[in-house]
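Summary of the model geometry
Below are the chains, spelled out letter by letter.
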Amino acid sequence: DQQVKQNSPSLSVQEGRISILNCDYTNSMFDYFLWYKKYPAEGPTFLISISSIKDKNEDGRFTVFLNKSAKHLSLHIVPSQPGDSAVYFCAANPNRDYGGATNKLIFGTGTLLAVQP
Amino acid sequence: DAMVIQNPRYQVTQFGKPVTLSCSQTLNHNVMYWYQQKSSQAPKLLFHYYDKDFNNEADTPDNFQSRRPNTSFCFLDIRSPGLGDAAMYLCATRTRNTDTQYFGPGTRLTVL
């Protein structure tokens, strides 16, 4: 059973507009979340993260919002650019031991974002 | 540039013929992970090394083994590949006290 869910397989947005990518998780004990971006023929690259002690984290055009009561997070990209076209993965750390041996990530299935010029 | 390198990028093997995938890193990270990703699915963790300590996921088939001879290198051995093992295999690393994992470009495995 998927513990991290990205229910939209794809999203198409016009250049300059906002892209909103959504992610839901099932376990309220999850307390650290990351977004990765993946271009074809490349590995995922880290984009932005958020801890459960925050409800928002911003880095340039990218903002992640966390709603713990709803077990939902979203990634906002403003303004969207054609170079943002990629697959975006949401990931959660289910057993955060602060960098220790059991620290690992559970990924969602990804959302393919297409930004149209 | 410091990075995670995977060789080969594309690997074709025959059903039942052992195959080894390679991962190396110049980041000097002490943790290395192997993931399997099938089309339109989430990357699935197979196992990881924390330094020399091997941590196997409970649902990783025995057909999959790993070796880490030193900090820089980690290998994924598939002893008898089946058609269902065709996938992208991703290697990732991280350092202590962080959650962020750094991924290699992956190896696409085809089983004929």
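As a starting point, this report considers the structure included with it.

**Some words on the packing of aromatic side chains**
For the structure on display, the rule yields 14 aromatic pairs over all chains. Between the aromatic rings of A:Y36 and A:F107, the centroid separation amounts to 5.7 Å while the plane-to-plane angle is 55 degrees, which identifies the pairing as tilted. Residue A:Y36 is found in strand β4 (residues 32-38), and its partner A:F107 is found in strand β10 (residues 106-107); the two are separated by 71 residues along the sequence. Exposure class is identical for A:Y36 and A:F107. Each is buried. Plain terms: the ring middles of A:Y36 and B:F103 are 5.5 Å apart, the flat faces sit at 85 degrees to each other, and that makes the pair edge-to-face. Within this pair, whereas A:Y36 is found in strand β4, its partner B:F103 is found in strand β10 (residues 102-103), the two belonging to separate chains. Neither residue differs from the other here; A:Y36 and B:F103 are each classed as buried. Joined through ring pairs, the aromatic side chains of A:Y36, A:F46, A:F89, A:F107, B:Y33, B:Y35 and B:F103 make up one cluster.

**Regarding the nonpolar core**
Residues and elements named next belong to chain A. One finds F33, W35, L73, L75 and Y88 to be the most contacted residues of the largest nonpolar core, which totals 23 residues. Looking at this core, the elements with two or more residues in it are β3 (19-25), β4, β5 (45-51), β7 (62-67), β8 (72-77), β9 (86-92) and β11 (111-116). Discounting residues that sit within four places of it in the chain, F33 has contacts with Y25, I48, S49, I50, L66, L73, A91 and A92.

**Points about the sheet that holds strand β3 (residues 19-25) of chain B**
All names here are of chain B. If you trace the four strands from one edge of the open sheet to the other, you get β1-β3-β8-β7, paired in antiparallel fashion. Each having just a single partner strand, β1 (4-7) and β7 (64-67) make up the two edges of the open sheet. When strand polarity is set aside, the average angle formed by the axes of neighbouring strands in this sheet is 20 degrees.

Definitions and cut-offs
- Residues numbered from 1 in each chain as written.
- Chains lettered and ligands numbered in written order.
- Predicted model: local features only at pLDDT ≥ 70, side-chain atom pairs only at ≥ 80, totals over all residues.
- Heavy atoms only, no water.
- Phe/Tyr/Trp six-rings, centres within 6.5 Å; stacked < 30°, edge-to-face > 60°.
- Helix = DSSP H or I, 4+ residues; strand = E, 2+ residues; numbered from the N terminus.
- Buried < 20%, exposed > 50% of the residue type's maximum accessible area, 1.4 Å probe, protein only.
- Core = buried A, V, L, I, M, F, W, Y, C linked by side-chain atoms within 4.5 Å.
- Contact = heavy atoms within 4.5 Å.
- Pairing = 2+ DSSP bridges.
- Axes fitted to C-alpha atoms, helices over the stretch in contact; angles between N-to-C directions.

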